[in-house]
Amino acid sequence: MDKLRSGESHYEKKLRKQRTIEKTEQELFIDKMMEDFDKADLDGDGSMDFSEYVRKVWGEMEGDGEEVPISLRQLRREFRKVDLNNDGRISRREFRHMAEKCFLAASKD
Ligand SMILES: [Ca+2]
Ligand SMILES: [Ca+2]
């Protein structure tokens, strides 16, 4: 009996997994953003501090090194916008929230 039940739940789990493979565009976008977040979280503490944020944004821009495309001051402003609780670091939840907003803004037109 127990075996059967666990077999069933296993099957259900499999079904659920299959269902999550078909993700919406928004989910895919956010997954991608969260991957970027994890890459940017260099010390792996689950949040992005300002120096990690700067490295991420500058790394994405890949300037030729002669001019920095965004000033530190601008970055600080952007960082504060994402850091909703103002603790000086961007948590996964804050980042996700920003990613959702980004997606909605981009898909408006
Ligand atoms: Ca970190
Ligand atoms: Ca925060």
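To start, this report covers the structure provided alongside it.

Cut-offs applied
- Residues numbered from 1 in each chain as written.
- Chains lettered and ligands numbered in written order.
- Predicted model: local features only at pLDDT ≥ 70, side-chain atom pairs only at ≥ 80, totals over all residues.
- Helix = DSSP H or I, 4+ residues; strand = E, 2+ residues; numbered from the N terminus.
- Contact = placed C-beta atoms within 7 Å.
- Axes fitted to C-alpha atoms, helices over the stretch in contact; angles between N-to-C directions.
- Parallel < 35°, antiparallel > 145°, perpendicular 65-115°, else oblique.
- Left-handed = near helix turned anticlockwise from the far one by under 90°.
- Nonpolar A, V, L, I, M, F, W, Y, C, P; charged D, E, K, R; others polar.
- Core = buried A, V, L, I, M, F, W, Y, C linked by C-beta atoms within 7 Å.
- Buried ≥ 20, exposed ≤ 12 C-beta atoms within 10 Å, placed from the backbone.

The subject of this paragraph is the overall build of the protein. When its secondary structure is counted, the protein shows five helices and two strands. Listed by position from the N terminus, the elements making up the protein come as α-α-β-α-α-β-α. Taking contacts inside the protein between residues at least 6 apart in sequence as the whole, the part at least 24 apart equals 50%.

A few words now on the packing of helix α2 (residues 25-40) against helix α5 (residues 92-106). α5 packs onto α2 with a crossing angle of 140° between their chain directions and a minimal axis gap of 10 Å. The pairing of α2 with α5 is recorded here as oblique in orientation. As α2 runs across α5, the sense of the crossing is right-handed. Residues Gln 26, Phe 29, Ile 30, Met 33, Met 34 and Phe 37 of α2 lie in contact with α5, whose contacting residues are Arg 92, Phe 95, Arg 96, Ala 99, Glu 100 and Phe 103. Tallied by class, the residues present in the contact of α2 with α5 amount to eight nonpolar, one polar and three charged.

The next thing to look at is the environment of Glu 100. Along the chain, Glu 100 falls in helix α5. The spacing of Glu 100 and Met 33 is 67 residues in sequence and 9.5 Å in space, taken between C-alpha atoms.

With six residues, the main nonpolar core is built from Phe 37, Met 48, Tyr 53, Ile 90, Phe 95 and Ala 99. Residues within four places of Met 48 in sequence aside, it is in contact with Phe 37, Ala 40, Asp 41, Tyr 53, Arg 89, Ile 90 and Phe 95.

This brings us to unusual backbone geometry. The phi dihedral of Asn 86 falls on the positive side, at around 55°, and the residue is not glycine. Asn 86 gets classed as exposed once you count the C-beta atoms within 10 Å, which come to 7.

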